[in-house]
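Coordinates in review
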Amino acid sequence: LPKLLVLLAPGSPADVQEDAAALLRELASNSASNRAHIAAAAGIPPLVALLNAGSTEAVQEQAAAALKLIVLNQADNKAAAVGAGAIPALVSLLAAGSPPGVQAQAALALAQLATKHTGNQSLVAAAGAVPALASMLMSGNGAAEAAAVQALHAIAGTAASGFPRDITTTAVSAAPALVALLG
């Protein structure tokens, strides 16, 4: 695993970074144990670094997809990703100019970070994800729209009571776009 993580380094060619992130995504999809091993080997910070504007779109998409799976049902991995700066990096990928595949994977990673984690729900909302996700609802790209709905659901939580005011107020701002999708 350490040799694979070296391939994520800034000096590696983009196609190597993309392949390494895709392999980490595959490993993370197979088991919770693999997710824990990736995090223990310090695999989260280099993936977060790949989300920056200096990376290719393909690298960003694979890095977001890998993070989405690495934090799946893993509280410690969620904390590591947040500590590495994943939330603002992922929110920046939701911008209107980003390709739909990148937007979708970033939204799904944010959804996983926010799922069943009130603190992360607040952080994602405070980082400005909701307006960007609401814009994605009108993108015309089915995968991006579905990912935006999933992320908004995760940010809002599973119950209306007990969530901080900033989450519920911000989630309500996406209502017009959701209604437009219905009709």
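Scroll up for the structure.
Let us look at the structure shown here. The residue numbering used here restarts from 1 in each chain and proceeds along that chain's sequence as written. Only residues with pLDDT of 70 or above have their local features reported here, since the model is predicted, and side-chain atom pairs are shown and tallied only from 80 upward, although totals for entire chains, interfaces and linings are computed over all residues. Side-chain calculation: all heavy atoms of the structure are included, whereas hydrogens and water are not.

Description of the overall build of the protein chain
We count it as follows: The secondary structure listing takes helices from DSSP runs of H or I that are at least 4 residues long and strands from runs of E that are at least 2 residues long, numbered from the N terminus. Residue exposure (1.4 Å probe, protein chains only): buried if accessible area is under 20% of the type maximum, exposed if over 50%, otherwise partly exposed. Any two residues whose heavy atoms approach within 4.5 Å are treated as being in contact. Note that accessible areas follow from Shrake-Rupley with a 1.4 Å probe, and for residues the cover is restricted to the protein chains shown.
Helix and strand content of the protein chain: 13 helices and zero strands. In sequence order, the secondary structure elements of the protein chain are arranged as α-α-α-α-α-α-α-α-α-α-α-α-α. Here the protein chain, with 183 residues, has 45% of them falling under the buried criterion. Within the protein chain, contacts between residues separated by at least 24 positions form 64% of all contacts whose residues are at least 6 apart in sequence. Within the structure as shown, the protein chain displays about 8200 Å² of accessible surface, and the carbon and sulfur contribution to it stands at 61%.

A short note on the side chain of N120
The residue N120 is located in helix 9 (residues 118–126) in this model. Of the residues examined, N120 reaches a relative accessible area of 4% and is grouped as buried. Once residues lying within four places of it in the same chain are set aside, the contact partners of N120 are K78, V82, I87, L113 and A114.

Remarks on the side chain of S98
Selection rule: Any pair of nitrogen or oxygen atoms within 3.5 Å is treated as a polar contact; in protein, a donor-acceptor pairing is required on top of that, and neighbouring residues in sequence qualify only through side-chain atoms on both sides.
For S98, the position within the fold is in the loop between helix 7 (86–92) and helix 8 (100–114). On the accessibility criterion, S98 (15% relative accessible area) is buried. Reaching out from S98, the side chain makes a polar contact with the backbone oxygen of L93 at a distance of 2.9 Å. Residue contacts for S98: discarding those within four places in its chain leaves S92, L93 and Q103.

Details of the nonpolar core
In plain terms, the rule: We define a nonpolar core as any set of buried Ala, Val, Leu, Ile, Met, Phe, Trp, Tyr and Cys residues linked to one another through side-chain atoms lying within 4.5 Å.
Of all hydrophobic cores here, the largest spans 54 residues; its most connected members are L47, L90, L94 and L133. For this core, the element with the most residues is helix 8, which contributes 10 residues.

Some details on the packing of helix 8 against helix 11 (residues 142–156)
Condition: Angles shown run from 0 to 180 degrees and are taken between the N-to-C directions of axes, each axis being a line fitted to C-alpha atoms and, for helices, limited to the stretch in contact. Any angle that falls under 35 degrees is termed roughly parallel, while one over 145 is termed roughly antiparallel, one within 65 to 115 roughly perpendicular, and all others oblique. By definition, any crossing whose near helix is turned counterclockwise from its far helix by less than a right angle is left-handed, and any crossing with a clockwise turn is right-handed.
At a closest axis distance of 8 Å, the pairing of helix 8 and helix 11 adopts a crossing angle of 20°. Regarding the angle of helix 8 to helix 11, the classification is roughly parallel. Between helix 8 and helix 11 the crossing geometry is left-handed. In this structure, helix 8 contributes P100, Q103, A104, A107, L108, A111, Q112 and A114 to the contact, and helix 11 contributes A143, A144, A147, A148, Q150, A151, A154 and I155.

Here's the deal with helix 6 (residues 75–83)
How we decide: In this description, the arc belongs to the directions extending from the helix axis to the C-beta atoms.
The set of residues buried in helix 6 consists of N77, K78 and A81. End-on view of helix 6: buried residues confined to an arc of 105°, all on one side of the axis. Among the exposed residues of helix 6, those oriented more than 90 degrees off its buried face are A75, D76, A79 and G83. Those residues of helix 6 that are buried lie in contact with helix 3 (32–40), helix 4 (44–49), helix 5 (57–70), helix 7, helix 8 and helix 9. Positive backbone phi, approximately 90°, marks G85, located one or two places after helix 6.

Worth remembering: the numbers are spatial, not functional.
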